[in-house]
Amino acid sequence: MRKPIAILIWAAVIASLVFADVTTIERIEMKRDRSWDYLDIYTTGWSEAKGLLLENTLYLDFPNARLSRKTKIFRRSSKRIQSISIIQKNQNTARVVVALKKDIDYDVVNVFGRNKSVVEISDRLENINRFQFAWESKYTKKKGAPLKPVKFTPAAAGSLRGKTIVLDPGHGGDDPGAFSLSGVPEKTFTLQTAQRAAKRLRQAGAAVYLTRNEDRRCNLKEVAEFANRIRADIFISIHYNSIYKSDISGTETYYCNPVSRKFAEIMHENIIRGIKRKDHGLHRTPFYVVKNTQMPSVLLEPIYLTSPEESFLAGSPSFQEELAEDMVKGVIEYFRSKSG
Ligand SMILES: [Zn+2]
């Protein structure tokens, strides 16, 4: 009689050791006050939740976590949240999917020691795109210098062999764009970033066109027409953001046409995970160059020049290199996802 009991005890010990590492989501509680919705998400162990906002869906990934049939979701009515569900994203990641009723901003606070993540959800600033549209209406009418694209031929036989990529550094010439707090114009940062990305993309085997490779302003119509005419595989417009409030910082990515959606999602995720700034989401917005190009296209706004911290980052070569690397990772992942 002794032996079976000992075996049972050992089995229990081994099981507890094996399963001790598996974190599950215990419960999700919706809370709110006047200007915020909150999700309190309790896990059985430590898991650092990471958010990703793609249009009207907020994804919250819990690494090293599994689904549990016992997870409880305490719902309540909200002006911002449509529904909450949980899926197993992959073997190691549990994902909370929050469907939204409107444009939001969010933050995730992981409370170490309490195995709890708090997601704070608020309304997105309504007039956040105002400057970009005002600038566009000016530069689709005004005639700039003729477009003078510069081609970078492939430098190696990498995974992007046979691909043609157009990089469009925003602004230039008599159009400086926004200014960093130390007075450097956006047009300088966009060109530097595009040049760094071009170098990496041609190393990966792509043919790369820059819509400008000097301090020059071109009409946005010509930019879009050029990308269409050469039948580029993808198009990336690079900007640095600005707003009237210095306390706003973070990353936004824009696309317009349905053909661009997958590419835009992948680019946004790679940039969010890479440069690690606040995630302001992927948005579908009819900005001129993403609306008028026929291939998958995105417009990047990685950081805000009007934020003291990010204004400093914009001028940092290591930041620009990180961003260029994330762009290339996104491009490679996109083509891989299409062929696979
Ligand atoms: Zn801009």
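Residues numbered from 1 in each chain as written. Predicted model: local features only at pLDDT ≥ 70, side-chain atom pairs only at ≥ 80, totals over all residues.

Enquirer: Could you give an account of the overall build of the protein chain, naming the residues involved and the relevant values?
Expert: Counting its secondary structure elements, the protein chain contains eight helices and 17 strands. In terms of principal-axis extent, the alpha carbons of the protein chain reach across some 90 × 50 × 35 Å. Within the protein chain, the proportion of its 340 residues that are buried is 39%. In the protein chain, the share of contacts with a sequence separation of at least 24, taken over all contacts with a separation of at least 6, comes to 74%. (Helix = DSSP H or I, 4+ residues; strand = E, 2+ residues; numbered from the N terminus. Buried ≥ 20, exposed ≤ 12 C-beta atoms within 10 Å, placed from the backbone. Contact = placed C-beta atoms within 7 Å.)

Enquirer: So what's going on with the domain arrangement of the protein chain? Which residues, and what values?
Expert: Taken domain by domain, the protein chain consists of domain 1 (21–123) and domain 2 (130–339). With centres defined by C-alpha atoms, the gap from domain 1 to domain 2 works out at 31 Å. Across the boundary between the two partners, domain 1 contributes six residues, which contact ten residues of domain 2. The greatest single-element share of the side of domain 1 that touches domain 2, amounting to four residues, is contributed by strand β3 (residues 50–54). (Domains from an automatic or database assignment.)

Enquirer: Give a description of the pairing of strand β10 (residues 116–123) that names residues and reports values.
Expert: In terms of strand pairing, strand β2 (residues 37–43) meets β10 through six bridges, oriented antiparallel. In the sheet register, L39 faces β10, and the bridge partner there is V119. Summarising the sheet, strand β9 (residues 104–111) and β10 pair through eight bridges and their orientation is antiparallel. Note that in β10 the partner of D107 across the bridge is E120. Once β9 ends, the chain turns through four residues before running back antiparallel as β10, passing G113 with a positive phi of about 90°. (Pairing = 2+ DSSP bridges.)

Enquirer: An account of the environment of V109 is needed here, citing residue identities and associated values.
Expert: Residue position: V109 is located in strand β9. Of the residues examined, V109 has 12 C-beta atoms within 10 Å and is grouped as exposed.

Enquirer: Can you explain the packing of helix α3 (residues 186–203) against helix α8 (residues 317–339)? Please cite residues and give values.
Expert: Contact geometry for α3 and α8: axes closest at 9 Å, N-to-C directions at 50°. Considered as vectors, α3 and α8 are oriented oblique to each other. Taken as a pair, α3 and α8 cross one another with a handedness that is right-handed. On α8, the residues that touch Q192, T193, R196, A197, R200 and L201 of α3 are Q320, E321, L323, A324, E325, M327, V328 and V331. Broken down by class, the residue content of the contact of α3 with α8 amounts to seven nonpolar, three polar and four charged. (Axes fitted to C-alpha atoms, helices over the stretch in contact; angles between N-to-C directions. Parallel < 35°, antiparallel > 145°, perpendicular 65-115°, else oblique. Left-handed = near helix turned anticlockwise from the far one by under 90°. Nonpolar A, V, L, I, M, F, W, Y, C, P; charged D, E, K, R; others polar.)

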